[in-house]
Each structure stands twice: as C-alpha cells, then as structure tokens.
Protein chains: 6
Amino acid sequence: MHRVTVKRKEHFNAAHRLHNPNWTDEKNEEVFDKCNNPNWHGHNYEVIVSLTGEVDPETGYVYDMKKLSDLIKSQVLNRFDHKNLNLDTEEFKNLNPTAENIVKVIYDLLRDKIEEKYEMKITLYETERNFVEYPA
Amino acid sequence: MHRVTVKRKEHFNAAHRLHNPNWTDEKNEEVFDKCNNPNWHGHNYEVIVSLTGEVDPETGYVYDMKKLSDLIKSQVLNRFDHKNLNLDTEEFKNLNPTAENIVKVIYDLLRDKIEEKYEMKITLYETERNFVEYPA
Amino acid sequence: MHRVTVKRKEHFNAAHRLHNPNWTDEKNEEVFDKCNNPNWHGHNYEVIVSLTGEVDPETGYVYDMKKLSDLIKSQVLNRFDHKNLNLDTEEFKNLNPTAENIVKVIYDLLRDKIEEKYEMKITLYETERNFVEYPA
Amino acid sequence: MHRVTVKRKEHFNAAHRLHNPNWTDEKNEEVFDKCNNPNWHGHNYEVIVSLTGEVDPETGYVYDMKKLSDLIKSQVLNRFDHKNLNLDTEEFKNLNPTAENIVKVIYDLLRDKIEEKYEMKITLYETERNFVEYPA
Amino acid sequence: MHRVTVKRKEHFNAAHRLHNPNWTDEKNEEVFDKCNNPNWHGHNYEVIVSLTGEVDPETGYVYDMKKLSDLIKSQVLNRFDHKNLNLDTEEFKNLNPTAENIVKVIYDLLRDKIEEKYEMKITLYETERNFVEYPA
Amino acid sequence: MHRVTVKRKEHFNAAHRLHNPNWTDEKNEEVFDKCNNPNWHGHNYEVIVSLTGEVDPETGYVYDMKKLSDLIKSQVLNRFDHKNLNLDTEEFKNLNPTAENIVKVIYDLLRDKIEEKYEMKITLYETERNFVEYPA
C-alpha cells in the first residue's frame, strides 16, 4: 500500500475588516492600514484542502474527491461565501479575520468531519500574491 | 507606421453589494441573490486597460507602460482599492456596482486623461470565471 | 445606455478521436497523427461564453451570470462532461470532434436559447496552448 | 554545499475510465459515478517532477533540467500522451487509473532512471481543482 | 462552411535593451528608465498566433496546429530563444526591441509563410502585466 | 497559539548567462547549451518567500505582509530587477547564476533581516516549467 496526498481546490468571495477592538483607532490604522477600512473590503479566496492517507486498493482512492468537495461546500463555502466575515459569521465575531486566522478556522471546521487517519493541511489564497498554510 | 494595441493589467480589492433601492427587499434578493447581502461581500478585481495607437518611431512605444500604470493607480486603484464601492466612492453612491457598471466607470475615469487619438478598451475580472469588456 | 460584453467560463472533461471515415487508416494517421488513436484520448476543455448587449438600467446587468452558467450546464456540460464525444453524443456521431467543430456545436446549442438581441461568441480551450473562437 | 529542490513541469493528454472489475456495474457506477463511463472520458494531465539534492559546485545544477525533461518524455509522455490509459498501457491493464495510482506509476517509472542520491516527488494535476502528490 | 479563429501559444526567453542611438544617454535613461540598462535585462516572452479561416470539411481543421507550432519554432523561436535581441538578431540590429516592435517583426516573419486567405493576429506577453497585439 | 506559514510572491526581470570560467568554451557550450550564449538571455523571475511562525494573538499576523513585501523589494528586487546578474551584481560576479544558486543568494540576503524565530523558505520560478526551492 502507498500513501498519497490528494488536493481539492474551491473558492469563495467575502468581505472583511482587520481590526483589534482593544486598540485605539490610530493604532488599528497604523497596524492594519487599508485593511482596517471601517466600511470593509473583500477578496476572492481560494482554498486548497490536502488529505494524506493510504490508497484503498479497491477504489484506487485516498478519499472520494466528490465527497471532499461536498464537505468543503457544506462546512466552508456555505458559511463564508458572499458573506461579511466579521458580521455574518460566528467564527469571526471575536476573532480578527486575517488569512492566518481564517486558515485555522477552516482547518477546525473540516478536521472533525474527516477521519483521524487522514493528515490534513489547508492552503488559503487571499490574493494571488498573499497566501498561507496551516498547519505549518 | 504600424498600429498596435498595448495592454496593462492591475488589480484592486473591494467590497460591494448589488441592490436597487427602488425595489422591495424580496425583489432585490430574488434578482441579486447572494450578491444582495446587506453586510457586503467582496472581490479581487483584475483590470486590463488596452490602448490602440500608432507606434512612435522614436521610442518604439504606443504609450509608456509606466505612465499608463501610474494613471491607472491614480485614477482607479486609489479610488477603489480596499474600499466599499457603495459606501466609500462617489461613483457608486447612486449606481449599482455590477461588473458592467464598474467597467464603464473605469473607462470614463481614464478616458479624459488619455489623448483622443488612442482607442481604449477595459476588461474587468470580478472572478476568474466572470469578466466583462467595455466598450463592446 | 451602454453596451458591454459579459463572459462566463465553465469546463468539462471528455474523450475523443479525430477521424475521417471516408479516408484510409493510413491517411487518417498521417493527417491526425496521435489524435487518431482508435482507443481515444481526452482533454480538460475550458469554454468561455461571451454575450454582448445593453446594460439594463434596473439591474446593471447585461445578462444574469447565474442564468448563463445554468444554461451552459444544461446545454453543454450535461451533454459533454465525462463523455466520449464520438460515441456518446448525437452532435459528433457524424462530425469530427476537432476544436473547430466543437466550438461551433456549442455556439449552436446555446444560440437559440439566448435572445437574438445578444451577440454571442464562444472561446474553447482544448489545451492551455491550443484554443479557438467562433464566430471569427 | 547546499541542497535544493528542482522542479520540472510537463503535460500529457489521455483517456481513461475508473472501474473495478470485481464489482457489479451498479457498484462501479455508484462509486465512480461519471468517471465510470464505459466509453471513457479524458484529461489534460500536468506532471511536476521534483528532485532534491546537492548543488554541484562546477555546474551550479542539482540536475540538468534538459536531461530531466528528456527523461520525463521518454519514460512518461511517450507512454501515456494521447493514449487510453486502460487499453493502451501495460501499467493500467490491471490497475485502476485514478490520479493516486497514476502518480505512483510515474514515480516508479522514473525512480530507477535517477540516481538514488536524489529524493524524488511527483505532483500530478488531473484537473486544475484535483491534484495529488507522491510520496506523501 | 464556418469561419473559426485558431490560436497557438509558444514561448521564448531573451535578453534586450531599449535604446535610441540618436539620443543622448540622459534622454535614453529618462525615457526608457531601467529598460535602458546597458548590460541588458530579459524576459520570458509568450507569443500567441491567431489564424482565422474556413474550417476544412474534410479535416475539421482551419490549420494544422502541429504545422503552426513547427512554423512558429522555425521562424520565431529558433531566431529569438535564448538570444540577445539587440546583438544576436538581424531584425533588431537597427530597431528598438520594444514589445510593439517585436510583435510586428513576428507578424512579418510568419505572414509570408502562411497563405493569404488566413487572417493573422499576434499577441505578445512581455510580462504577465504588459502585453501587446498586432495588428490592432 | 498556532503556527502558520505565510507566503508572499514578487517578481523581477533579469539577464544572465550560465558559464564556468574554469572550463573551455566547448565544455561550457556542451553543458549549458543555449544558456551559455555569450550575449546573454533573460527571464521573468517569480520569487515566493515563505515564513513560518506563531500567529500573534494581538494582530492575527505571523508577519506583516506589507513589511515582507518591502523587505523583498529592498533586498532582492532593487538588486536584481532589470539587471544583468553576471555583470551588474556583486553576488554573481564569481557565482554561476543558475536558479539553484540564485535561490540560495535570495535566502541569504533575506535571512539576516528576518528574526531567527521564523523558518524561511524560498521558491524561485525561472520559467513556468522550471522552478526551485531552498532549503530543500
């Protein structure tokens, strides 16, 4: 038996604002600059879910890509697509929606829906030039 | 002398909401669906400005790409990047920020900064799968 | 009112074989080379549908992109996705499935579902390096 | 001396069918869905070969990219390009040509042509949205 | 019979310098800035050749893509790939190698190798963000 | 606290020549082929800098992407963009500018500007098909 990593890419569009409520407006603007705009801005996010596991000799699959795509839709896209991350979601009510925090939230939303035997990694593109991976 | 089309690509990130204030909420939701979210959503917009004109025999240029890039920055990116198109801009205070309307606004913002002798066309990507061109 | 071109990209995966039944096997192999493989080969096709028309002042739309996407799915993807173009489709039973012929078939399948007032153009990528447009 | 990973991307187009001959037709269709089409479908596959090793101080190379490209052509592309993986190849006569199995076959075809001192990894894109890596 | 545009993409890597020998060094630096570096710089150029013509009912082809690819190789890539455009080519000995001039030179090199009945257009990417088309 | 990898992509254009001064011209041409052209050739290089570290609970950042982008500009792009790597830079006066050597030079230029607590990795694309990573 051989272990393979399989990857599925999906996307969602969302608005957000970077802001720390414990700071003054001046400090927020200094640190987060344009991303602190109180009226929000937004992105086309691309998310790649990687699962590593053994190839099932009956199917030749590590994981059914259709099932993985459906899971990403139900757990991630339905929550975040065409939403304001700060206002419309439970996850970012009290958590700054930086790419670093979003990628971990996505990991946590998927982790307990996928059997322990699979290693999981998430890559999140905020723009073509800025992207993150978790776990590191 | 030969005529060439030169193209320059830039990008900006913005939030927006599709909404017609003359309609009921029900009709707005029916027509604009997820794009009508009152809390906004957003995109990474890619904009391509095309200029057609004669190649200057002294420079070998139709138009200086550095100058074109600076013009797109001053006229378009500074206005729209990291902004809420509906709330933060004059242009979309009373105009629905669909891709079709944004592309024409960008054209108009650039048209009178560029000499008449150049034909101009704008391509705007709202997502990798949805994009528009003006004039048609 | 202003006229804009709107574009929607979709994709499908299919098998095909290039073959002219009026020719000898030798001539078929000479002309179509590897694409004549009697056991088929295949591609990830990308299709872009462009519609040009006036922007509706009520919606700010030329055409609802969700409706266009659904139409491409019902008319094109459901017919061709994960199919053998030569064996599984009416359209290519007696028509060689070259990119040039596929792009016209897609145009014809969509043309009478979309009002006459819209100009339509189809771009079809067979590979990243070979692609076609119709009408020219 | 420093160790670097070098990567070379190539592509091939092929037809395939996912099928387990030990199962009923019903079970095959249930598990493999559209990918079980008895008349085949196909893909543009992108393959990336990664080699990790020490940089030769004489050449500044880990591995000659021209030599690697030629090796991928002779070992992989000549075997699979414009072929039906199930019918035209020895490798998939009795092995289901899922991305997970193809990526391991490619690894094995290259592994004994490349000196042991190089670590090797293969990435295979079946579509832009589905891709795999081996070893994991 | 129907008319289709077929497109083939190829690439080459070259060094160049933008310079007008009739100008002072100061003026050259003022106009061409970093592109005037006397020690050269370079690009990965992508070239797309578009041919428009009638689809041959026997082949289903407008033009054999293999033949077009070979022609681009013999006429364009063999001349310019891994070359210094200013020093190594006849075409740019006395012509400033701007994208605008390169695209016309490529057009002229291909035009008389391709029958008159085909319309031809060339697109040249100097970078992902700067590209040109000829004829306009 | 969670560890995340953040990535930033930038690009530069440069000319270079692969050459070993200790070898004969024949051997240089045999090993480096077209890349040995004494008149240089060039590339659009894409560089991705990856930093791995803990997410700061105050900012939600591993590292400020604006600060990282500025650092890449001051340390890498200002040195190499629109330059001849062999002639115009200290780093490659006596070092063959292969992708393997460039990627390590970039790593070294950035390493002592970024706190030890961050793991760093560099990916360098010489072309879309040839790319390298360091450390391996």
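Up top is the structure these notes are about.
Residues numbered from 1 in each chain as written. Chains lettered and ligands numbered in written order. Predicted model: local features only at pLDDT ≥ 70, side-chain atom pairs only at ≥ 80, totals over all residues. Heavy atoms only, no water.

### Side note on the overall build of chain A
Next up, step 1: The helix and strand inventory of chain A stands at four helices and five strands.
Next up, step 2: Put simply, chain A runs from its N terminus to its C terminus through helices and strands in the order β-α-β-α-β-α-α-β-β.
Next up, step 3: Based on the C-alpha atoms only, the size of chain A along its principal axes is roughly 60 × 25 × 25 Å.
Next up, step 4: Across chain A, contacts joining residues at least 24 apart in sequence account for 68% of those joining residues at least 6 apart. (Helix = DSSP H or I, 4+ residues; strand = E, 2+ residues; numbered from the N terminus. Contact = heavy atoms within 4.5 Å.)

### Considerations on the packing of helix 2 (residues 65–80) of chain A against helix 4 (residues 99–111) of chain A
Residue and element names in this part refer to chain A.
Next up, step 1: Here helix 2 crosses helix 4 at 140°, and the two axes come no closer than 10 Å. Here helix 2 lies oblique to helix 4, going by the angle between them. Handedness of the helix 2/helix 4 crossing: right-handed. On helix 4, the residues touching Leu71, Ile72, Gln75, Val76, Arg79 and Phe80 of helix 2 are Val105, Ile106, Leu109 and Leu110.
Next up, step 2: Here the residues of the contact of helix 2 with helix 4 are counted per class, giving eight nonpolar, one polar and one charged. (Axes fitted to C-alpha atoms, helices over the stretch in contact; angles between N-to-C directions. Parallel < 35°, antiparallel > 145°, perpendicular 65-115°, else oblique. Left-handed = near helix turned anticlockwise from the far one by under 90°. Nonpolar A, V, L, I, M, F, W, Y, C, P; charged D, E, K, R; others polar.)

### Some details on the relation of the copies chain A and chain B
Next up, step 1: At an RMSD of 0.0 Å, chain A and chain B line up after a rotation of 180° and a shift of 0.0 Å along the axis. What the rotation and shift describe, once combined, is the action of a two-fold rotation axis. (Least-squares fit on C-alpha atoms with pLDDT ≥ 70 in both.)

### Regarding the interface of chain F and chain A
Next up, step 1: Opposite the 22 residues of chain F that make contact, chain A presents 20 residues.
Next up, step 2: In this assembly, chain F and chain A are joined by one salt bridge.
Next up, step 3: In this structure, Lys7 of chain F engages Glu133 of chain A in a salt bridge whose closest nitrogen and oxygen atoms are separated by 3.8 Å.
Next up, step 4: Elements that contribute at least two residues to the side of chain F that touches chain A include exactly strand 1 (3–16) and strand 2 (41–54) of chain F.
Next up, step 5: Looking at the side of chain F that touches chain A element by element, the count peaks at nine residues for strand 1 of chain F. (Salt bridge = Lys/Arg side-chain N within 4 Å of Asp/Glu carboxyl O.)

### Remarks on the interface of chain A and chain B
Next up, step 1: Taken together, the contact pairs 22 residues of chain A with 22 residues of chain B.
Next up, step 2: Approximately 1,700 Å² of surface area, both sides summed, lies buried where chain A meets chain B, with 46% of it carried by carbon and sulfur atoms.
Next up, step 3: The largest share of the area that chain A buries against chain B comes from Asn39, Asn44 and His82 of chain A, three residues that together contribute 32% of it.
Next up, step 4: The tally of links from chain A across to chain B stands at two salt bridges.
Next up, step 5: Counting every contact that joins chain A to chain B gives 18 residue pairs in polar contact (both at pLDDT 80 or more).
Next up, step 6: Taken together, the elements giving at least two residues each to the side of chain A that touches chain B come down to strand 1 (3–16), strand 2 (41–54), strand 3 (83–84) and helix 3 (85–88) of chain A.
Next up, step 7: In terms of residue count, the dominant contributor to the side of chain A that touches chain B is strand 2 of chain A (five residues).
Next up, step 8: Looking at side-chain class alone, the side of chain A that touches chain B contains five nonpolar, ten polar and seven charged residues. (Buried area = accessible area lost by both parts, 1.4 Å probe. Polar contact = N/O pair within 3.5 Å; in protein donor to acceptor, adjacent residues only side chain to side chain.)

### Notes on a negative patch on the surface
Next up, step 1: The grouping of Asp25, Glu26, Glu29 and Asp33 of chain A at the surface amounts to a negative patch.
Next up, step 2: Looking at the secondary structure, you find Asp25 of chain A in helix 1 (residues 25–32). (Patch = residues over 30% accessible without salt bridge, like charges linked within 9 Å, V, L, I, M, F, W, Y side chains within 5 Å. Areas by Shrake-Rupley, 256 points an atom, 1.4 Å probe, with all protein chains shown as cover. Lys, Arg positive; Asp, Glu negative; His and termini not counted. Charge placed at Lys NZ, Arg CZ, Asp CG, Glu CD.)

### A short note on the relation of the copies chain F and chain A
Next up, step 1: In screw terms, the move from chain F to chain A is a rotation of 120° and a rise of 0.0 Å along the axis, fitting with an RMSD of 0.0 Å. Each copy turns onto its partner about a three-fold axis.

### Describing the pattern of salt bridges
Residues and elements named next belong to chain C.
Next up, step 1: Scanning the model with the defined rule gives 48 salt bridges over all chains in all.
Next up, step 2: Linking Glu10 and Arg8 is a salt bridge whose minimum nitrogen-to-oxygen distance equals 2.8 Å. An identical accessibility class is assigned to Glu10 and Arg8; each is buried. (Buried < 20%, exposed > 50% of the residue type's maximum accessible area, 1.4 Å probe, protein only.)

### Focus: helix 2 (residues 65–80) of chain B
Next up, step 1: Its 16 residues place the ends of helix 2 of chain B 21 Å apart at the C-alpha level, agreeing with the 22 Å of an ideal helix rising 1.5 Å per residue.
Next up, step 2: At Lys73 of chain B, helix 2 of chain B shows its largest kink, close to 40°.
Next up, step 3: Those residues of helix 2 of chain B lying buried are Met65, Leu68, Ser69, Leu71, Ile72, Gln75, Val76, Leu77 and Phe80 of chain B.
Next up, step 4: In this fold, the buried residues of helix 2 of chain B make contact with strand 1 (3–16), strand 2 (41–54), strand 3 (83–84), helix 3 (85–88) and helix 4 (99–111) of chain B together with strand 5 (130–134) of chain E.
Next up, step 5: Structurally, the start of helix 2 of chain B carries an N-cap: the backbone nitrogen of Lys66 of chain B is 2.8 Å from a side-chain oxygen of Asp64 of chain B.
Next up, step 6: Following helix 2 of chain B by one or two positions, His82 of chain B has its phi on the positive side, about 60°. (Expected span 1.5 Å × (residues − 1). Bend = angle between axes of the 7 residues up to and from the residue.)

### A short note on the pairing of strand 4 (residues 119–125) of chain E
If a strand is regular, its side chains alternate between the two faces of the sheet.
All names here are of chain E.
Next up, step 1: Where strand 2 (residues 41–54) lies against strand 4, seven bridges are found, and the strand directions are antiparallel. Paired with Val49 across the bridge in strand 4 is Ile122.
Next up, step 2: Summarising the sheet, strand 4 and strand 5 pair through four bridges and their orientation is antiparallel. Bridge assignment links Tyr125 to a residue of strand 5, and that residue is Phe131.
Next up, step 3: The turn linking strand 4 back onto strand 5 is made up of four residues. (Pairing = 2+ DSSP bridges.)

### Section: the side chain of Asn28 of chain D
Next up, step 1: When you line up the elements, Asn28 of chain D lands in helix 1 (residues 25–32).
Next up, step 2: Excluding its chain neighbours within four sequence positions, the residues that come into contact with Asn28 of chain D are His19, Asn20, Trp23, Asp33 and Asn36 of chain D.

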